[in-house]
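The residues making up each chain are set out below.
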Amino acid sequence: MIGSCLMIALEGPQLLKKEREFIVKNHIAGVTLFQRNIKSYKQISQLNKEIKSLTKPSPLIAIDMEGGVVNRLSHLKEAGDWPSAESLSHYPSQKVFLTAKKQACQLKSLGIDLNFAPVVDLPLVKSSILKTRTFGTEPSAILRTARPFLKGLAKGGVIPCLKHFPGHGGVQEDSHKTLPVDKRSLKGLKPQLDIFKRLFISDFTCIMTAHIEFSKIEKQPATFSKLLLTQVLRKRLGFEGLIVSDDIDMKALKSFHPGESFFLALKAGCDMVITCQNLESPLKIIDYFERQSQRKKEIRKELNRAFKRVGQLKERLNSKTH
């Protein structure tokens, strides 16, 4: 059941024998794609078809397609350019909806199920990572553009993913490089939390966690915080969709073994854990729980919960597709 809550990355544009065997043996929940995996429309369509044929239910295929600087298809001429969140914020709502729906149709035609977008962080400081990736600097502006964007993706049959909970906009640092520390209290996070709550359009939505320590709340990354993910996101805000970790290979979590990161994320409330920068991490996670069976027993309840929620999302995806 560990693999059933794990999303991994692939080495290149073809599925290697060892990757195929690992996905099948461990019933891997999904695969996220990068430019190194994508050479052409035909190639990526064939790769995704092969991945989906490996298990039943099929692994989810995910991608980061925010538009602007975050576009994994930007090197393909036939893919075209997609506007950044900042650019979309100047569009009327109907045009935002149609743009997102068109984007979803493109992704769906390639066999992609889940888009790690949109970014709905409320920028309060000059961030080294957000830049043109946000819809504005006011909650009303973010909501005005994020709503039709989410609805457009969902209408096109692609699962949207709000990020980064509970908010990346209060820190300058990049969590790919270090663990940022945000000194806001829960009360100080209220404007950002309200944005998330008002964007729960359906249970066909994911939320991605932020690898940020909110030091006045807990002395650990939000991805490992049961208070933030279970008490606040689930119980207080009422979110019923899938909670996905950001990539646990990011340097924000470098002091943790990948198996420990998986354990802590599941304990906190994550349903699916992403590992995509270090291709050895999935192996280390499986080995970690084989060697420390007691740790697996400690999260059996959480594994059952996560397994069920991932399965339900796949069912909803299939119902929308058909």
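Quick summary incoming for the structure in this document.

Cut-offs and rules
Residues numbered from 1 in each chain as written. Predicted model: local features only at pLDDT ≥ 70, side-chain atom pairs only at ≥ 80, totals over all residues. Heavy atoms only, no water. Helix = DSSP H or I, 4+ residues; strand = E, 2+ residues; numbered from the N terminus. Rg over C-alpha atoms; globule rule 2.2 N^0.38 Å. Buried < 20%, exposed > 50% of the residue type's maximum accessible area, 1.4 Å probe, protein only. Contact = heavy atoms within 4.5 Å. Areas by Shrake-Rupley, 256 points an atom, 1.4 Å probe, with all protein chains shown as cover. Axes fitted to C-alpha atoms, helices over the stretch in contact; angles between N-to-C directions. Left-handed = near helix turned anticlockwise from the far one by under 90°. Nonpolar A, V, L, I, M, F, W, Y, C, P; charged D, E, K, R; others polar. Core = buried A, V, L, I, M, F, W, Y, C linked by side-chain atoms within 4.5 Å. Expected span 1.5 Å × (residues − 1). Pairing = 2+ DSSP bridges. Salt bridge = Lys/Arg side-chain N within 4 Å of Asp/Glu carboxyl O. Patch = residues over 30% accessible without salt bridge, like charges linked within 9 Å, V, L, I, M, F, W, Y side chains within 5 Å. Lys, Arg positive; Asp, Glu negative; His and termini not counted. Charge placed at Lys NZ, Arg CZ, Asp CG, Glu CD. Phe/Tyr/Trp six-rings, centres within 6.5 Å; stacked < 30°, edge-to-face > 60°. Lys NZ or Arg CZ within 6 Å of the ring centre and 35° of its normal.

### Things to note about the overall build of the chain
Scanning the chain for helices and strands turns up 11 helices and 12 strands. A globule of 322 residues ought to have a C-alpha radius of gyration of about 20 Å, and the chain, at 18 Å, matches this closely. Projected onto its principal axes, the C-alpha coordinates of the chain cover approximately 50 × 45 × 35 Å. Taken across its 322 residues, the chain has 59% of its residues classed as buried. Taking all contacts inside the chain whose residues are at least 6 apart in sequence as the whole, residues at least 24 apart take part in 78%. Just so you have it, the chain exposes about 13,800 Å², and 51% of that area is on carbon and sulfur atoms.

### A closer look at the packing of helix α4 (residues 93-109) against helix α5 (residues 139-155)
Two numbers describe how α4 lies on α5: the axes approach to 7 Å, and their chain directions differ by 35°. Both α4 and α5 take part in a crossing whose hand is right-handed. The segment α4 lies against α5, with Ser93, Val96, Phe97, Ala100, Lys101, Gln103 and Ala104 engaging Arg144, Thr145, Pro148, Phe149, Lys151, Gly152, Leu153 and Lys155. Partitioning the contact of α4 with α5 into residue classes produces seven nonpolar, four polar and four charged.

### With respect to the nonpolar core
Ranked by internal contacts, the top residues of the largest apolar core, which has 82 residues, are Leu73, Phe165 and Phe262. Not counting the four nearest positions on each side in its chain, phenylalanine 262 is found in contact with Ile2, Cys5, Leu6, Ile248, Val273, Ile285, Phe289, Ile299 and Leu303.

### Description of α4
In a regular helix each residue adds 1.5 Å, so 17 residues correspond to 24 Å; α4 covers 24 Å between its end C-alpha atoms and thus fits that length. The complete set of buried residues in α4 reads Val96, Phe97, Thr99, Ala100, Gln103, Ala104, Gln106 and Leu107. Where α4 ends, the next residue or the one after it, glycine 111, has phi of about 90°, a positive value.

### Overview of the sheet that holds strand β12 (residues 273-274)
Strand order across the open sheet formed by eight strands is β11-β9-β7-β6-β3-β2-β1-β12, with parallel pairing between neighbours. Edge positions in the sheet fall to β11 (242-244) and β12, since each has one partner strand and no second. As defined by bridge partners, strand β1 (residues 6-8) adjoins β12 across two bridges and the pair is classed as parallel. Residue pairing for β12: leucine 6 is matched across the bridge by valine 273. Strands β7 (159-165) and β9 (206-209) of the sheet are contacted by helix α6 (residues 190-197), whose axis makes an angle of about 170° with β7.

### A look at the pattern of salt bridges
Evaluated as defined, the whole model comprises 17 salt bridges. When the shortest N-O distance is used, the salt bridge between glutamate 50 and arginine 20 registers 2.7 Å. Placement of glutamate 50 in helix α2 (residues 41-52) and of arginine 20 in helix α1 (residues 17-26) is noted, with a sequence separation of 30 residues between them. Accessibility expressed as a relative area gives 28% for glutamate 50, which makes it partly exposed.

### Points about a positive patch on the surface
Residues Lys126, Lys131, Lys177, Lys251 and Lys254 make up a contiguous surface patch of positive charge. One can find lysine 131 in the loop between β6 (114-115) and α5.

### Here's the deal with the packing of aromatic side chains
If you walk through the whole model with that rule in mind, you get six aromatic pairs. Ring geometry for phenylalanine 135 against phenylalanine 149: centres 6.1 Å apart, planes inclined by 55°, an arrangement best described as tilted. In this pair, phenylalanine 135 is assigned in the loop between β6 and α5 and phenylalanine 149 in helix α5, connecting sequence segments 14 residues apart. Judged on exposure class, the residue phenylalanine 135 and its partner phenylalanine 149 are both buried. The structure contains a cluster of three or more aromatic residues connected by ring pairs, namely Phe262, Tyr288 and Phe289. The ring centre of tyrosine 91 lies 4.3 Å from the NZ or CZ of lysine 95, which sits over that ring. One Lys or Arg, arginine 295, reaches over the ring of phenylalanine 263 and ends 3.7 Å from the middle of that ring.

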